[in-house]
Amino acid sequence: MLAYKQEWLDNKVLHEEAEEAYKQQCISKEEKERIFQAYPVPFYTPNIYIRIGLFLLTVIIVLFSLGLLGLMFIQLVKESWQGLIIFFGLLTYGALEFMIRETKHHRSGVDDALLWGSISLFLSGCIMALPYNTPFTYCLLVFVVTAYAALRFADTLMSIAAVIALLGCLFYACINMGTAGRIAAPLLLMIASYGIYAWARKWDWKTKWRHYQLCGSIIEITTLLTGYLSVNYLVVREASNEFFDLNLEPGQSIPAAWLFWIFTILIPLAYIAAGIRKKNVILLRTGLVLIAGIVITIKQYHHMAPIELEMTLGGLVMIGIAYILIRYLKTPKHNFTSQEIDNTHLLEKIQGESLVVSETFTVPTTPAPGFNFGGGTGGGGGAQGGW
Amino acid sequence: MHPHTFERLHAEGLISESSVEKVKAVSANKLFSLHWELKTVLYLGVLLLSTGLGILVYKNIDTIGHQVILLFIAAVSAGCFYYCNKRKQPFSFSKVPAPDALPDYLLLLGCLTFVSFIAYIQFQYAIFGDHLRLAGFIPLVVLFFCAYYFDHLGVLSLAITNLAAWMGIVVTPLRILRENDFNSETLIYTGIVLGVLLIAAGELSRYRNIKAHFRFTYVNIGAHVLFISLLAGMFHFEHLFYLFIMAVMGTALYFYKQALKDHSFYFMLILTLYSYIALSYLVIRLLMLAQDIDLGAVYLILFYFIGSGVGLILFLINLNKKIKQNAGI
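Description of the structure in this document.

The rules behind these values
- Residues numbered from 1 in each chain as written.
- Chains lettered and ligands numbered in written order.
- Predicted model: local features only at pLDDT ≥ 70, side-chain atom pairs only at ≥ 80, totals over all residues.
- Heavy atoms only, no water.
- Helix = DSSP H or I, 4+ residues; strand = E, 2+ residues; numbered from the N terminus.
- Buried < 20%, exposed > 50% of the residue type's maximum accessible area, 1.4 Å probe, protein only.
- Contact = heavy atoms within 4.5 Å.
- Areas by Shrake-Rupley, 256 points an atom, 1.4 Å probe, with all protein chains shown as cover.
- Axes fitted to C-alpha atoms, helices over the stretch in contact; angles between N-to-C directions.
- Parallel < 35°, antiparallel > 145°, perpendicular 65-115°, else oblique.
- Disulfide = S-S within 2.5 Å.
- Expected span 1.5 Å × (residues − 1).
- Bend = angle between axes of the 7 residues up to and from the residue.
- Left-handed = near helix turned anticlockwise from the far one by under 90°.
- Nonpolar A, V, L, I, M, F, W, Y, C, P; charged D, E, K, R; others polar.
- Patch = residues over 30% accessible without salt bridge, like charges linked within 9 Å, V, L, I, M, F, W, Y side chains within 5 Å.
- Salt bridge = Lys/Arg side-chain N within 4 Å of Asp/Glu carboxyl O.

Structural notes on the overall build of chain B
What chain B contains, in helices and strands, is twelve helices and one strand. What you see in chain B, going N to C, is helices and strands ordered as α-α-β-α-α-α-α-α-α-α-α-α-α. Out of the 329 residues belonging to chain B, those deemed buried represent 53%. Long-range pairs, those at least 24 residues apart, make up 64% of the contacts in chain B with a sequence separation of at least 6. As displayed, chain B has an accessible area near 15,100 Å², and 69% of this comes from carbon and sulfur atoms.

Quick word on the packing of helix α4 (residues 81–103) of chain A against helix α6 (residues 135–153) of chain A
All names here are of chain A. Running from N to C, α4 and α6 cross one another at 10°; their axes reach a closest spacing of 13 Å. By the angle between their directions, the pair α4 and α6 is classed as roughly parallel. Touching Tyr 93, Leu 96, Glu 97 and Ile 100 of α4 are Tyr 148, Arg 152 and Phe 153, all from α6.

Some thoughts on the state of the cysteines
Across all of its chains, the model carries zero disulfides over all chains by this definition. Among the cysteines around Cys 139 of chain A, which has no disulfide bond, Cys 169 of chain A carries the closest sulfur, lying 5.1 Å off. Cys 80 of chain B takes part in no disulfide bond, and the closest cysteine sulfur, belonging to Cys 84 of chain B, lies 6.3 Å away. According to the relative accessible area criterion, Cys 80 of chain B is buried, its value standing at 7%.

Remarks on helix α11 (residues 257–278) of chain A
The periodicity of an α-helix, 3.6 residues per turn, causes residues three or four positions apart to be oriented the same way. Residues and elements named next belong to chain A. With 22 residues, α11 extends 31 Å from end C-alpha to end C-alpha; this agrees with the ideal 32 Å at 1.5 Å per step. Of all the bends in α11, the greatest reaches close to 30° and is centred on Leu 266; the proline Pro 268 follows between one and four positions later. Buried positions along α11 lie against α8 (178–202), α9 (213–229), α10 (233–244) and α12 (281–301). Immediately downstream of α11, the backbone of Lys 279 shows phi near 50°, a positive value.

Thoughts on the packing of helix α5 (residues 101–125) of chain B against helix α7 (residues 153–167) of chain B
All names here are of chain B. Viewed as axis vectors pointing N to C, α5 and α7 meet at an angle of 25°, and their least axial separation amounts to 9 Å. One way to sum up the angle between α5 and α7 is to call them roughly parallel. Helix-helix and strand crossings are classified by hand; for α5 and α7 the assignment is right-handed. Packed against α5, whose contacting residues are Leu 107, Leu 108, Cys 111 and Leu 112, the element α7 presents Gly 154, Val 155 and Leu 158 at the interface. Looking at the contact of α5 with α7, its residues break down into six nonpolar, one polar and no charged.

Comments concerning a nonpolar patch on the surface
On the surface, Trp 258, Ile 262, Ile 265, Leu 266, Leu 269, Leu 288 and Ile 291 of chain A cluster together into a nonpolar patch covering about 620 Å² of accessible area. Mapped onto the nonpolar patch, the elements with two or more residues apiece are α11 and α12 of chain A.

Topic: the environment of Ala 200 of chain B
If you trace the backbone, Ala 200 of chain B turns up in helix α8 (residues 185–207). Judged by its relative accessible area of 41%, Ala 200 of chain B is partly exposed.

Set out below in structure tokens:
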């Protein structure tokens, strides 16, 4: 089923484990080398930056080849140009299989670009050519193709697409079932999301499906997010407006609004609580990210204070919480620590961080008339920041 | 790390008994680290607080509240600096690791509020009179001083961004192309000067061993500013076209040699991409000059991009091998 050679994938995992053990000073350098030699990984997997470069270049080649092919054959195919796109998608897919089999590329940028390119070309060609043009058929088609690609290449992006397309099928099926279906749609979507989450938690990623472990984690994150979004008050209200022609005025509410408000506020908190109790990083981080969902939803419908006052107070509270927790967990308590465990990539991380710093903080230049040498960032105390 | 994996490796004679015991001990006492979560919360808090205060004070101009707010900003800034100074390790020209995340982020908060403070008092009270350059210069000096004194890469990039803004350029990654008017000749030349300056500062830090780990931040920003300014010059100045293309290639060659020496994949990537843009522009320009734009030229351009793409892929693959081999020595 997998395009990549399984034995090498296993060896690759072993290499990672040996590397980690070496970094934690459990095994010596000689032992690590011995393991690497006994379990070779002939894959071609370059450094991440080279991977980015190869990805970009492959995208360029694919696009210009499509242009070339179109230029040569457009006179021949005329009306059935969708067929040309589908054909080119298949051609790209052929190139992908060839690269993996013959040149042993694995997550090299080339195979990523060819995979995403071939699937999106094939799908867009099919969708444009399809005689039954309903959203449901689109979702079904996307699901079938991306699920195949996810199984064949253990690709995370394809797994996300497959899960969302599957939920999309359910959504459009609900909508077509009349009023009852429409009312039930958010709850059904939530139940389906958590159903897939429960399946992904229980699935055997350790032995038989071990090569898909990362896809499993990604599916967990995706379904946790879709589970929340499908009952988030903001999403439900605006989506009902959009799809069911409710024509709500500002200030008007949807039926059973209280239920959705409860979900909106409780679900992220529940994620965080469960994440801490079970020491589950995915739950914890998703919950923390979704706190933003609570804030955005509340701000959309309830005006409490001017934004700058909210930001100031919010900032103070966040710094306070982080300060207390860092001090409290300085010496590990209940197996929690605020210290970093893996120090190896520290340099890289810090430098990535410094980029983030210069991106998000706008330093105000003195805002004064006549100061227009070039395009200095406008004043306003770094007012670019947003939630 | 799964202990049974390492037991299997031990059974195969690849690792020793004591190594397996160490693996077992480590994986049994595995701690759950909240490091990144706490850091992110802290970071967002600093972001929100400094931005909120910055807006707050401008919105409340001419009310009684604004002096209180100004005082609060000054107090936050002073408090942060006091805390950081108290907890900092002795100064050294080599790398001084921070004790934990708190001083790092509070220093950032201190610097940001300080910059807001200076900008605001200049705006409201014009303490520096009409010397606007001076008003911009003081935060700059303070930021650079803090970056070196407290050994903080984030504050260093803030200082560099501020230096660039002082010279008239926006250099934050996502906005460098959007907010600069690269049709302005002054801007192109300023960019070239700034880029060379930053690269020189970076190389000097390493060469003289003064905070050698600052080199990456300097050279990284400098390289992007220099390459983009040179490319803009190439697009803009018709009569100096060949001069600028030589300059791009020369810069690329310089970074190529440096990257080979430092085993830096990152610089390899950016020099490849920037010089590819220059090369493609050259090829298209030559094709346009050589013949009228007809189908033949379009074909040639398409073939060029496919061919050069394949060529560059082989080049990068080869480079990857080369750097990896050198890294082993």
